[in-house]
There are 2 protein chains.
Amino acid sequence: MNNEFINPFIESAINVIKTMAQIDATCGQPAIKTGHMAGGDVTGIISMIGEQAHVSLAITFSEPAILAITSSMLGENIEILDDTVADAVGEITNMVTGGSKRLLSEKGYKFDLASPSVIVGENHMIIHQLKAPVVILPFTTGAGDFFIELCSLSLDAD
Amino acid sequence: MNNEFINPFIESAINVIKTMAQIDATCGQPAIKTGHMAGGDVTGIISMIGEQAHVSLAITFSEPAILAITSSMLGENIEILDDTVADAVGEITNMVTGGSKRLLSEKGYKFDLASPSVIVGENHMIIHQLKAPVVILPFTTGAGDFFIELCSLSLDAD
């Protein structure tokens, strides 16, 4: 997976968190996922289906990070991982992939977006089933960390 | 969601568990999901994207059920929720939706299948983000229970 493909996801995630929650996020060095670490407490999962590639994407938040982001999005103090938080994670997942889709379309990649699912559960693990490496994008905010797991299978060989 | 749409998933799940694991599963009364109960220990999640409908499907297994199914599939004694089990859940998820897709195509529904993700974590909850009711299909086997969560948004109005 090259930077041309990865950067739209980084740009879109930073934009969405800034726009929705007025929180600055910065992205550290992308790395290949080994094992199933980086499991968060709340995760949005979505698929992007295109003729050139299939993408399986997860955005996984620590509890402090997503409580701060959701509180800021809604302008009220959210203290537990409830439906409101799950809906916020679903919305963030939609917006990050929607923004990435637009940026990728400028580079010639076309995708249909599925609807996300949100997983809530302490320290769950995510195992993508696309037969391709998973790139982890680590984001830091003043409120806590979150991670994007990006697994993309190129179909160019078809 | 009518029975014509639900039955292919029931038929396909029973076929897959029988064929892959030589285990008989029976399906109880479908019900609308309330709250986020029915969270399992291992879950396969997949999206089906079609012009007539979008589907978000989860198959969630209790630990005893999936250990028995995986052990039977592989002909060896699997005792912990490891990568082997996760891969088996991914394969089952692919096969159940693949079979359902074929059966639904005979009724005029066409779908593209995304790639599944597998979630491992004790008592995690799944919150589908499609704005439609979630139907729970409860399956019983001699080895334990599993559930299919089926959320389908009809696009007929478009």
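Preceding block: the structure.
As a starting point, this report considers the structure included with it. (Residues numbered from 1 in each chain as written. Chains lettered and ligands numbered in written order. Predicted model: local features only at pLDDT ≥ 70, side-chain atom pairs only at ≥ 80, totals over all residues. Heavy atoms only, no water.)

**A word on the environment of Gln22(A)**
Residues and elements named next belong to chain A. Here Gln-22 shows up in the loop between helix 1 (3-21) and strand 1 (25-27). Each C-alpha atom, one on Gln-22 and one on Met-73, is 7.8 Å from the other, the two residues being 51 residues apart in sequence. Setting aside its immediate chain neighbours within four residues, Gln-22 contacts Ile-17 and Ser-72. Looking at Gln-22, its side chain comes within polar contact range of the main-chain oxygen of Thr-19, at 3.1 Å. (Helix = DSSP H or I, 4+ residues; strand = E, 2+ residues; numbered from the N terminus. Contact = heavy atoms within 4.5 Å. Polar contact = N/O pair within 3.5 Å; in protein donor to acceptor, adjacent residues only side chain to side chain.)

**Observations regarding the packing of aromatic side chains**
Residue and element names in this part refer to chain A. Across all of its chains, the model carries 10 aromatic pairs over all chains by this definition. Ring centres 6.3 Å apart and planes at 70 degrees place the aromatic pair Phe-5 and Phe-111 in the edge-to-face group. Linking Phe-5 in helix 1 with Phe-111 in the loop between helix 3 (83-105) and strand 5 (112-113), this pair joins segments that are 106 residues apart in sequence. Residue class for Phe-5 comes out buried when judged on its relative accessible area of 4%. Members of the aromatic cluster, connected to one another through ring pairs, are Phe-5, Phe-9, Tyr-109 and Phe-111. (Phe/Tyr/Trp six-rings, centres within 6.5 Å; stacked < 30°, edge-to-face > 60°. Buried < 20%, exposed > 50% of the residue type's maximum accessible area, 1.4 Å probe, protein only.)

**A few points about the relation of the copies chain B and chain A**
Both copies of the chain are related by one operation, a rotation about an axis with a shift along it. When chain B is fitted onto chain A, the two copies agree to an RMSD of 0.0 Å after a turn of 180 degrees and an axial shift of 0.0 Å. What the rotation and shift describe, once combined, is the action of a two-fold rotation axis. Looking at the interface residues of chain B, 100% of them are also at the interface in chain A, so both copies use one shared face. (Least-squares fit on C-alpha atoms with pLDDT ≥ 70 in both.)

**Looking at the pairing of strand 6 (residues 117-120) of chain B**
The alternating pattern of strand 6 of chain B places Ser117(B) and Ile119(B) on one face and Val118(B) and Val120(B) on the opposite face, and all of these are buried. With four bridges connecting them, strand 7 (residues 125-128) of chain A and strand 6 of chain B associate as antiparallel partners. Each bridged residue has a counterpart across the sheet, and for Ile126(A) the counterpart in strand 6 of chain B is Ile119(B). Note: strand 3 (residues 42-49) of chain B against strand 6 of chain B, four bridges, orientation antiparallel. Across the sheet, Val42(B) pairs through a bridge with Val120(B), a residue of strand 6 of chain B. (Pairing = 2+ DSSP bridges.)

**Let's talk about empty space enclosed by the protein**
Inspection of the entire model under this criterion finds one cavity of 30 Å³ or more. Counted as a void, the largest cavity has a volume near 50 Å³. (1 Å grid on protein atoms, 1.4 Å probe; cavity = no way out; pocket = protein on both sides within 12 Å on 5 of 7 lines; lining within 4 Å. Points joined across faces, edges and corners; volume = space filled by probe spheres on them.)

**Quick look at the pattern of salt bridges**
For side chains bearing opposite charge, pairing can occur when the charged atoms are close. All names here are of chain B. Under the defined criterion, the tally for this structure stands at four salt bridges over all chains. Note that Lys-18 is salt-bridged to Asp-24, the shortest N-O span being 3.0 Å. Classification of Lys-18 by relative accessible area gives partly exposed; the value is 40%. Exposure remark for Asp-24: the relative accessible area of 53% places this residue in the exposed category. (Salt bridge = Lys/Arg side-chain N within 4 Å of Asp/Glu carboxyl O.)

**A closer look at the packing of helix 1 of chain A against helix 2 (residues 63-74) of chain A**
Residue and element names in this part refer to chain A. Packing of helix 1 against helix 2 leaves a shortest axis separation of 8 Å and a crossing angle of 50 degrees. Judged by the angle between their axes, helix 1 and helix 2 are oblique. On the side of helix 1, the interface is formed by Ile-17, Met-20 and Ala-21, while helix 2 contributes Ile-69, Ser-72 and Met-73. Considered class by class, the residues forming the contact of helix 1 with helix 2 number five nonpolar, one polar and no charged. (Axes fitted to C-alpha atoms, helices over the stretch in contact; angles between N-to-C directions. Parallel < 35°, antiparallel > 145°, perpendicular 65-115°, else oblique. Nonpolar A, V, L, I, M, F, W, Y, C, P; charged D, E, K, R; others polar.)

**A few points about the interface of chain B and chain A**
It is common to report an interface's size as the accessible area lost on association of the parts. Facing 27 residues of chain B, the contacting portion of chain A comprises 27 residues. Summed over the shared surface of chain B and chain A, the result is zero salt bridges. In this structure, the connection of chain B to chain A is made through 10 residue pairs in polar contact (both at pLDDT 80 or more). Counting residues per element, the ones that place at least two in the side of chain B that touches chain A are strand 3, strand 4 (53-61), helix 3 (83-105), strand 5 (112-113), strand 6 and strand 7 (125-128) of chain B. Split into classes, the residues belonging to the side of chain B that touches chain A amount to 13 nonpolar, 11 polar and three charged.

**Quick word on the side chain of Thr93(B)**
All names here are of chain B. Position of Thr-93 among the secondary structure elements: in helix 3. Accessibility expressed as a relative area gives 0% for Thr-93, which makes it buried. Not counting the four nearest positions on each side in its chain, Thr-93 is found in contact with Gly-44, Ile-45, Ile-46, Ile-59 and Pro-116.

**Things to note about the side chain of Thr97(B)**
All names here are of chain B. Among the structural elements, Thr-97 can be located in helix 3. With a relative accessible area of 0%, Thr-97 lands in the buried category. A distance of 3.2 Å separates a polar side-chain atom of Thr-97 from the backbone oxygen of Asn-94. Setting aside its immediate chain neighbours within four residues, Thr-97 contacts Ile-46, Met-48, Leu-57 and Leu-113.

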